Amino acid sequence: MEQAAQHLWWQTGIIYQVYPRSFQDSNGDGVGDLKGITQRLDYLKWLGITAVWVSPVYPSPMADFGYDISDYKGIHPLFGGMEDFDELLHEVHQRGMKLILDLVPNHSSDEHPWFLESRSSRSNPKRDWYIWEDAKDGHPPNNWLSVFGGPAWEWDEHTGQYYYHAFLTKQPDLNWRNPEVQKAMFDVMRFWLDKGVDGFRVDVMWHMIKDAQLRDNPHNPEFREHMPDYSKLLPVYSTDQPEVHTIVQQMRGLLDAYDERVMIGEIYLPIEQLVVYYGIGDNKGAHLPFNFQLISLPWDAQQISSAIDAYEGALPANGWPNWVLGNHDQSRIASRIGLQQARVAALLLLTLRGTPTLYYGDEIGMQDVPIPLDEVQDPQGLNMPGKYLSRDPERTPMQWDNSQHAGFSTAKPWLRVSRNFQGQNVNLLQQDESSILNFYRRLIHFRQEHPALMIGSYKPLYTDQKMIAYLREYQEQRFLIVLNLSHGVCYFEPQMPVHGKIEISTHAELEGSFVKGAISLGGDEGILVRLH
Ligand code: NOJ
């Protein structure tokens, strides 16, 4: 496709997030692994995925399931060996797909040799690789809180100082103001890029630099009891510091020395602050600062439509948009809005302007799986008892078929499989043309075949309490997308003449029919119309 050829793979492609513990177990230990992912690449290819992002697979004590790394250049034996990684990379490339790794530069494990050295004595050369501070009148140096609950400072008896951890005590924050830390992490990035990895999803990018004076964070006047304790304060001084952009620029410079690699930033910030991570002018930042609006906003037509417009309006000149409905930290889309609406959400995700990222299992409509308290694994769930904040429900094993353990493993999985897997699995849904899986697949392939959807312009047309309508255009190719975000009937009378064919619908039986003039949609219905 000539037009799309002027765009890069991370602009025209579709990213799929694999949570490796839960995707496919190949060796019968109940935990997913690299070989398992390789075995399932043909499925991803069938679905139309063009890039796979794998959450961390490095050696780790697994206090935060791999987001606590003890060796940035290795592979955890649970997931396999380096030869399994090389094979995965090779097989991904063989299929014309790309592989994106998770990079966790903000913090390491407390079992990483860097931290072991750092905590060994105040005079250790690596002491300043982490954030160490004296007590203030017998208390922590400031009021900062850990995202996972409790204070963000941990007292180290041996050296008589506190260290800072934005997450678990087992995840000490690296001191990114130290050039040696920068050098070490840039070296890690080169290691994987030299292997041929196509890019990184950078964990908590906006956390990387903290206020040099470590000032107290102000109180959050909007805090309510049901919220996580972390929300008691506004993280004004502990996150999103101006100097973080210099680090992001350096990372980008490093990537740009290679051909066509991508940097995706995990950043939970309001739009105005988020778009700064694209970089300013010649100072380039992340290619894709994750836009989490479809996760954080209520499923409300007016709010979503204004968020789309605000985002489109805020993007810098060369900033490429991106959208995502879910990830391993958030309740699944089908649970948040219901299984029927999940199709409308897929139609939105895959017809908006910008790169879509899918979370494994969402394409089969997987829902959050309730995990009994005595089976909870997630530290965020365990650290804040009484507040149900566990992320386990959205991390359960992929449902492949109706055999025992849903075809995920031959052994008891590390996290229980959904009870409904026999009616909801890849094998079964592949055979049903009207399933959510085949809906996703048709939509993905359709998007990839039509420049108007892949790279065309976006024009909002209409919004009311229930529905959103917009146009996507590229040269003479024009598509009208009309989505009913409610369960009730809705009606739209376009100001312009509308005459066209429904190419894709949440209700497969409507595909191929024609629309003319006013459009009425049933509850949970969405259509993509090719305009004549
Ligand atoms: C964001 C990751 O997505 C999450 O799973 C993890 O717990 C934190 N960062 C800490 O690394």
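None of the values given here were measured: they were computed from a predicted structure.

Parameters and conventions
- Residues numbered from 1 in each chain as written.
- Predicted model: local features only at pLDDT ≥ 70, side-chain atom pairs only at ≥ 80, totals over all residues.
- Heavy atoms only, no water.
- Salt bridge = Lys/Arg side-chain N within 4 Å of Asp/Glu carboxyl O.
- Helix = DSSP H or I, 4+ residues; strand = E, 2+ residues; numbered from the N terminus.
- Buried < 20%, exposed > 50% of the residue type's maximum accessible area, 1.4 Å probe, protein only.
- Axes fitted to C-alpha atoms, helices over the stretch in contact; angles between N-to-C directions.
- Parallel < 35°, antiparallel > 145°, perpendicular 65-115°, else oblique.
- Contact = heavy atoms within 4.5 Å.
- Nonpolar A, V, L, I, M, F, W, Y, C, P; charged D, E, K, R; others polar.
- Domains from an automatic or database assignment.
- Buried area = accessible area lost by both parts, 1.4 Å probe.
- Polar contact = N/O pair within 3.5 Å; in protein donor to acceptor, adjacent residues only side chain to side chain.
- Expected span 1.5 Å × (residues − 1).
- Core = buried A, V, L, I, M, F, W, Y, C linked by side-chain atoms within 4.5 Å.
- Near = heavy atom within 4 Å.
- Areas by Shrake-Rupley, 256 points an atom, 1.4 Å probe, with all protein chains shown as cover.

1. A short note on the pattern of salt bridges
So, step 1. This structure, assessed with the given rule, holds 31 salt bridges.
So, step 2. The partner of Glu312 in a salt bridge is Arg353, and the shortest N-O contact between them spans 3.0 Å. Of the two residues, Glu312 sits in helix α11 (residues 301-314) while Arg353 sits in the loop between α13 (339-349) and β13 (355-359), which places them 41 residues apart along the sequence. Like Glu312, the residue Arg353 is buried in the burial classification.

2. Notes on the packing of helix α5 (residues 82-94) against helix α7 (residues 179-195)
Angle between the axes and distance between the axes are the two parameters that describe a pair of packed helices.
So, step 1. Packing of α5 against α7 brings their axes to within 11 Å, and their N-to-C directions diverge by 55°. In terms of orientation, α5 lies oblique with respect to α7. From α5, Met82, Phe85, Asp86 and Leu89 reach across to α7, where they touch Phe191, Trp192 and Lys195.
So, step 2. Broken down by class, the residue content of the contact of α5 with α7 amounts to five nonpolar, no polar and two charged.

3. A closer look at the domain arrangement of the protein
So, step 1. Domains assigned within the protein are domain 1 (2-107 + 179-444), domain 2 (113-164) and domain 3 (457-531).
So, step 2. The gap between the C-alpha centroids of domain 1 and domain 3 is 30 Å.
So, step 3. Between domain 1 and domain 3, the contact holds 25 residues from the first and 29 residues from the second.
So, step 4. The contact between domain 1 and domain 3 buries some 2100 Å² in all, and 64% of this surface belongs to carbon and sulfur atoms.
So, step 5. Linking Glu511 and Arg442 is a salt bridge whose minimum nitrogen-to-oxygen distance equals 3.0 Å.
So, step 6. Here domain 1 and domain 3 share ten residue pairs in polar contact (both at pLDDT 80 or more) between them.
So, step 7. The dominant element in the side of domain 1 that touches domain 3, judged by the number of residues it contributes, is α11, at seven residues.
So, step 8. Its residues assigned to classes, the side of domain 1 that touches domain 3 comprises eleven nonpolar, seven polar and seven charged.

4. Thoughts on α7
So, step 1. Compared with an ideal rise of 1.5 Å per residue, which puts 17 residues at 24 Å, α7 spans 25 Å between its outermost C-alpha atoms and is within 8% of the ideal.
So, step 2. Those residues of α7 that fall on the buried side of the exposure criterion are Val181, Gln182, Ala184, Met185, Phe186, Val188, Met189, Trp192 and Leu193.
So, step 3. Tucked inside the fold, the buried residues of α7 contact α5, β3 (98-103), α6 (113-118), β7 (199-202) and α8 (244-256).
So, step 4. The backbone nitrogen of Glu180 has a side-chain oxygen 2.8 Å away, supplied by the residue at the start of α7, namely Asn178.
So, step 5. After α7 finishes, the residue Gly196 shows a positive phi value of roughly 110°.

5. Digging into the packing of α13 against helix α16 (residues 436-449)
So, step 1. Packing of α13 against α16 brings their axes to within 10 Å, and their N-to-C directions diverge by 10°. Here α16 runs roughly parallel to α13, going by the angle between their axes. Residues Ala342, Arg343, Ala346, Leu347 and Leu349 of α13 form the contact with α16, whose own contacting residues are Ile436, Phe439, Tyr440, Leu443 and Arg447.
So, step 2. When its residues are assigned to classes, the contact of α13 with α16 shows eight nonpolar, no polar and two charged.

6. What about the nonpolar core?
So, step 1. Within the largest apolar cluster, 139 residues are counted, with the highest numbers of intra-cluster contacts made by Tyr16, Tyr43, Trp176 and Met398.
So, step 2. Broken down by element, the residue count for this core peaks at eight residues, all from α7.
So, step 3. Those residues in contact with Tyr43 that sit more than four places away from it in its chain are Tyr16, Glu363, Ile364, Met398, Trp400, Val426, Gln430 and Leu437.

7. Brief notes about the site of the ligand
So, step 1. Around the ligand, 13 residues are found, and the nearest of them are Asp64, His107, Asp203, His328 and Asp329.
So, step 2. Within the side chain of Asp203, an N or O atom sits 2.8 Å from an oxygen atom of the ligand.
So, step 3. Within the side chain of His328, one N or O atom sits 2.8 Å away from an oxygen atom of the ligand.
So, step 4. Against a free-state accessible area of 300 Å², the protein chains account for coverage of 97% of the ligand.
So, step 5. Split by residue class, the shell around the ligand holds four nonpolar, two polar and seven charged.

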